[in-house]
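# Survey of secondary and tertiary structure
One-letter residues, chain by chain:
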Number of protein chains: 2
Amino acid sequence: MNYLIHMQRTAAPIDYSIQEEKIARYAKALAHPIRIRILKFLDQQACCFTGEFTEEIPLAQSTISQHLKELKDAGLIQGNVMPPRIKYCINKEAWMEAKQYFTNFFS
Amino acid sequence: MNYLIHMQRTAAPIDYSIQEEKIARYAKALAHPIRIRILKFLDQQACCFTGEFTEEIPLAQSTISQHLKELKDAGLIQGNVMPPRIKYCINKEAWMEAKQYFTNFFS
DNA sequence: AATATTCATCGTAAATTTGCGATGAACTAT
DNA sequence: ATAGTTCATCGCAAATTTACGATGAATATT
């Protein structure tokens, strides 16, 4: 049991407030210019298929799919299956929640 | 010169708008709950020395210093040397700019 | 049945982020 | 001069992010 020596301290048990976690989580989703572009695009066009992003953005399809997943995981968008395509829309509830948190934060 | 085969495509030459880059940059700075806490703390207390954060937040001093650097690099805070300490304040200009960008974005 | 389209997911590589302890610079106090 | 305080920075390890091509699932078309 000599592990005690030189062991890294275990992850700090900080308990963040809901506000701290929500803002950080949404901010993380917004922390890439491509994802900003995707959201702006969705905001203008109501809804989009993945293919429309791949036409618009010069990145590999798999990369764009990954960014869409990040936005989906954060809750900011949702995908509806319309075989063989998937239609992405902004999740208005989460969008409004994010807006509210940021607005309060910058009060 | 067989490197051509199987070479990774060079970084996509996407040119983002100022808005896309600004929002993504500020969002990146906000993308960690500790940094949210630091900013809230500064917003309440006007200004702080590094030491006050290390008392408040159960993380190594070097880690907190790193988070302060991230906020400083994003422009959201500024540090004034008051030997042997450093007094951090919110950079109100950048703060207002960030607020404006987020507000417009969530229009 | 065979082929084509759309898209998520896997595997991989490179870059970045996050955390720590150790060190040293800058200044104060003894 | 010596010792103490405050803090950024370095060096390192682990985790995460970002990008790609390849693959395969699901469905539509021929």
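- Where an unreviewed UniProt entry is consulted, chain A appears under the name ArsR family transcriptional regulator, with the organism given as Hydrotalea sandarakina.

### Some thoughts on the interface of chain B and chain A
- Taken together, the contact pairs 33 residues of chain B with 33 residues of chain A.
- Around 3,000 Å² of area is buried between chain B and chain A when both sides are counted, 70% of it from carbon and sulfur atoms.
- Considering only the surface of chain B that becomes buried against chain A, Glu20(B), Phe105(B) and Phe106(B) emerge as the three largest contributors, covering 23% of it.
- In this structure, the connection of chain B to chain A is made through 4 salt bridges.
- Glu20(A) is paired through a salt bridge with Arg37(B); the nearest N and O atoms lie 2.9 Å apart.
- On inspection of chain B and its partner chain A, the count reaches 10 residue pairs in polar contact (both at pLDDT 80 or more).
- Looking at side-chain class alone, the side of chain B that touches chain A contains 21 nonpolar, 4 polar and 8 charged residues.

### Here's the deal with the sheet that holds strand β1 (residues 47-49) of chain B
Residues and elements named next belong to chain B.
- Ordered by their spatial adjacency, 3 strands build an open sheet running β1-β3-β2, and the pairing between neighbours is antiparallel. This sheet does not close on itself; its edge strands, each paired only once, are β1 and β2 (77-82). Mean inter-strand twist for the sheet, computed between neighbouring axes without regard to direction, equals 30°.
- In this structure, β2 lies alongside strand β3 (residues 85-90), joined through 6 bridges in antiparallel fashion. Within the sheet, the bridge partner assigned to Asn-80 lies in β3 and is Lys-87.

### Some remarks on the packing of aromatic side chains
- All told, the structure shown has 11 aromatic pairs over all chains when counted by the stated rule.
- Ring centres of Phe105(A) and Trp95(B) lie 5.4 Å apart, and the angle between their planes is 50°; this geometry places the pair in the tilted category. One end of the pair, Phe105(A), is in helix α5 (residues 92-105); the other, Trp95(B), is in helix α5 (residues 92-105), on a second chain.
- Each member of the aromatic cluster is reached from another via a ring pair, and the members are Trp95(A), Phe102(A), Phe105(A), Phe106(A), Trp95(B), Phe102(B), Phe105(B) and Phe106(B).
- Over the ring of Phe49(A) we find Arg85(A); its NZ or CZ atom is 3.9 Å from the centre of that ring.

### Re the sheet that holds strand β2 (residues 77-82) of chain A
All names here are of chain A.
- With respect to topology, 3 strands assemble into an open sheet ordered β1-β3-β2, the strand pairing being antiparallel. A strand with exactly one partner marks an edge of an open sheet, and here the two such strands are β1 (47-49) and β2. Each neighbouring strand pair of the sheet contributes to a mean axis angle of 30°, computed without reference to strand direction.

### Section: the state of the cysteines
- By the definition in use, this model includes 2 disulfides over all chains.
- The closest cysteine sulfur to the non-disulfide-bonded Cys48(A) is located on Cys47(A), 7.5 Å from its own sulfur.

### Considerations on the relation of the copies chain B and chain A
- With an RMSD of 0.0 Å, the fit of chain B onto chain A corresponds to turning through 180° and sliding 0.0 Å along the axis. What the superposition gives is, in effect, a two-fold axis relating one chain to the other. Of the C-alpha atoms belonging to chain B, the one lying closest to the rotation axis is found on Ala27(B), 2.3 Å away.
- Mapped onto chain A, 100% of the interface residues of chain B are again interface residues, and the two copies thus contact each other with one and the same surface.

Conventions we followed
Residues numbered from 1 in each chain as written. Chains lettered and ligands numbered in written order. Predicted model: local features only at pLDDT ≥ 70, side-chain atom pairs only at ≥ 80, totals over all residues. Heavy atoms only, no water. Contact = heavy atoms within 4.5 Å. Buried area = accessible area lost by both parts, 1.4 Å probe. Salt bridge = Lys/Arg side-chain N within 4 Å of Asp/Glu carboxyl O. Polar contact = N/O pair within 3.5 Å; in protein donor to acceptor, adjacent residues only side chain to side chain. Nonpolar A, V, L, I, M, F, W, Y, C, P; charged D, E, K, R; others polar. Pairing = 2+ DSSP bridges. Helix = DSSP H or I, 4+ residues; strand = E, 2+ residues; numbered from the N terminus. Axes fitted to C-alpha atoms, helices over the stretch in contact; angles between N-to-C directions. Phe/Tyr/Trp six-rings, centres within 6.5 Å; stacked < 30°, edge-to-face > 60°. Lys NZ or Arg CZ within 6 Å of the ring centre and 35° of its normal. Disulfide = S-S within 2.5 Å. Least-squares fit on C-alpha atoms with pLDDT ≥ 70 in both.

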